[in-house]
Amino acid sequence: MLHLDHLTLTQDGFSVTADWSLAAGARLALLGPSGAGKSTLLMGLAGFITPSAGRVLWQGKDLATLSPAQRPVSILFQDQNLFAHLTLAQNLGLAVHPRLALSTADRARVEAVLKRLGLAGYGPRKPASLSGGQLGRAALGRVLLQARPILLLDEPFAALGPALKADLLGLVSELAAENGTTVVLVTHDPSDARRFADVVGMVHDGVADAPVATQAIFADPPPALRAYLG
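Note that the structure is a prediction, hence the values are computed from the model and not measured.

**Q** I'd like to hear about the overall build of the protein, residue by residue, with values.
**A** A count of helices and strands for the protein gives eight helices and 11 strands. Over its C-alpha atoms the protein spans a radius of gyration of 18 Å, differing by no more than 12% from the 17 Å that the globule rule assigns to 230 residues. Seen through its C-alpha atoms, the protein measures out along the principal axes to roughly 50 × 40 × 30 Å. Relative to its 230 residues, the protein shows a buried fraction of 48%. Sequence separation of 24 or more characterises 69% of the internal contacts of the protein that already satisfy a separation of 6 or more. When the accessible area of the protein is evaluated, it comes to approximately 10400 Å², of which 55% is carbon and sulfur surface.

What follows is the structure, given as structure tokens:
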């Protein structure tokens with residue numbers, strides 16, 4: 001279980017608070033207007049922002065002493081974190097070893113993930129030669145190789161068209177189910193939340209509300225969601 005215990009995160013004079021839990025393996029969508037604190041919350045979970053109050057706990061363990069690299073967390077940003085000067089196989093290999101000192105078994109793991117994502121044979125290619133959908137799949141491959149139990153998605157597919165975005169969110173759902181991964185998705189699109197998430201949390205006015213079952217929250221929207229939907 002992921003537990004945000006009276007958590008307050010402050011960045012550049014702005015604070016967001018949260019006090020709730022999320023079951024292991026759940027898929028949460030965070031909805032809310034720009035500047036509400038959604039990305040700030042993800043950065044705090046990943047360890048890039050130190051809480052000004054409260055704690056982040058995973059399976060009962062306080063993560064405060066762990067650096068971002070040590071946390072049970074992978075994060076995928078809008079730019080998808082791929083290095084233009086490296087091949088696709090090398091980009092994914094960074095998830096296995098930061099200096100790309102890969103064993104034969106490691107390289108086989110990378111190739112297996114590329115195949116799983118429909119990118120078999122694409123390992124020698126550079127990111128610039130790939131389509132948007134292929135780049136999204138490659139970025140997912142890197143976090144898949146990290147094999148961490150929590151995956152944070154900060155609108156990584158926002159620039160894609162509706163069909164490609166739906167395809168990649170479907171792939172995330174499939175992979176998360178296979179591996180029991182807990183996923184937190186930041187999105188501005190209610191249709192993403194409906195399609196992808198078990199639960200939805202509104203972030204507004206510096207507060208991240210406790211998650212509510214997706215069907216229930218859209219059937220009877222709270223005031224913050226009603227205002228957001230317009």
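**Q** Please provide a residue-by-residue account of the layout of surface pockets, values included.
**A** Each pocket or cavity is described by its volume, and for the largest pocket that value is around 430 Å³. Put simply, the parts of the chain that give the lining of the largest pocket at least two residues each are strand 6 (73-76) and helix 4 (132-146). For the lining of the largest pocket, the residue count by class is 15 nonpolar, four polar and two charged. In this model, the second largest pocket occupies a volume close to 210 Å³. For the second largest pocket, the lining is made up of 14 residues, of which Val 143, Leu 144, Leu 151, Asn 179 and Thr 181 are closest to its centre. Of all the secondary-structure elements, those providing two or more residues to the lining of the second largest pocket are helix 4, strand 7 (150-154) and helix 5 (162-179). Sort the elements by how many residues they give to the lining of the second largest pocket and helix 5 lands first, with four residues.

**Q** I'd like a description of the pairing of strand 7, backed by residues and values.
**A** In regular strands, side chains alternate between the two faces of the sheet. When you tally the buried positions in strand 7, you get five out of five residues, the bulk of the element. Pairing of strand 6 with strand 7 involves four bridges; the strand directions are parallel. Counted as the bridge partner of Val 73 is Ile 150 from strand 7. Two elements, strand 7 and strand 8 (residues 182-186), share five bridges in a ladder whose sense is parallel. Among the inter-strand pairings, Ile 150 is bridged to a residue of strand 8, identified as Thr 182. Read from strand 7 through helix 5 to strand 8, the crossover connection turns out right-handed.

**Q** Can you explain helix 5? Please cite residues and give values.
**A** The first and last C-alpha atoms of helix 5 sit 26 Å apart over 18 residues, in line with the 26 Å expected at 1.5 Å per residue. Along its buried surface, helix 5 packs onto strand 3 (27-31), helix 3 (104-116), helix 4, strand 7, strand 8 and helix 6 (190-196).

**Q** Any details on the packing of helix 4 against helix 5? Residues and values, ideally.
**A** Close contact between helix 4 and helix 5 brings their axes to 10 Å; oriented N to C, the two are set at 20°. Taken together, the axis directions place helix 4 and helix 5 in an arrangement best described as roughly parallel. In terms of crossing hand, the pair formed by helix 4 and helix 5 is right-handed. Listed contacts from helix 5 to Gly 133, Gly 136, Arg 137, Leu 140 and Leu 144 of helix 4 are Leu 164, Asp 167, Leu 168, Leu 171, Val 172, Leu 175 and Asn 179. Of the residues belonging to the contact of helix 4 with helix 5, the class tally is seven nonpolar, three polar and two charged.

**Q** Run through the confidence of the model for the protein, naming residues and quoting values.
**A** Per-residue pLDDT for the protein averages 92, and the proportion of residues at 70 or more is 100%. Within the protein, the element-level pLDDT minimum falls on helix 4, averaging 86, and the maximum on strand 11 (residues 212-213), averaging 98.

**Q** Please give an account of the packing of helix 3 against helix 4 that cites residues and values.
**A** The geometry of helix 3 relative to helix 4 is characterised by a closest axis approach of 10 Å and an angle of 130° between their N-to-C directions. Comparing their axes, helix 4 and helix 3 come out oblique. The hand of the helix 3/helix 4 crossing is right-handed. The segment helix 3 lies against helix 4, with Arg 109, Val 110 and Val 113 engaging Gly 141, Leu 144 and Leu 145. A per-class count over the contact of helix 3 with helix 4 returns four nonpolar, one polar and one charged.

What counts and how
Residues numbered from 1 in each chain as written. Predicted model: local features only at pLDDT ≥ 70, side-chain atom pairs only at ≥ 80, totals over all residues. Heavy atoms only, no water. Helix = DSSP H or I, 4+ residues; strand = E, 2+ residues; numbered from the N terminus. Rg over C-alpha atoms; globule rule 2.2 N^0.38 Å. Buried < 20%, exposed > 50% of the residue type's maximum accessible area, 1.4 Å probe, protein only. Contact = heavy atoms within 4.5 Å. Areas by Shrake-Rupley, 256 points an atom, 1.4 Å probe, with all protein chains shown as cover. 1 Å grid on protein atoms, 1.4 Å probe; cavity = no way out; pocket = protein on both sides within 12 Å on 5 of 7 lines; lining within 4 Å. Points joined across faces, edges and corners; volume = space filled by probe spheres on them. Nonpolar A, V, L, I, M, F, W, Y, C, P; charged D, E, K, R; others polar. Pairing = 2+ DSSP bridges. Right-handed = clockwise from strand over helix to strand, strands pointing away. Expected span 1.5 Å × (residues − 1). Axes fitted to C-alpha atoms, helices over the stretch in contact; angles between N-to-C directions. Parallel < 35°, antiparallel > 145°, perpendicular 65-115°, else oblique. Left-handed = near helix turned anticlockwise from the far one by under 90°. pLDDT = per-residue confidence, 0-100.

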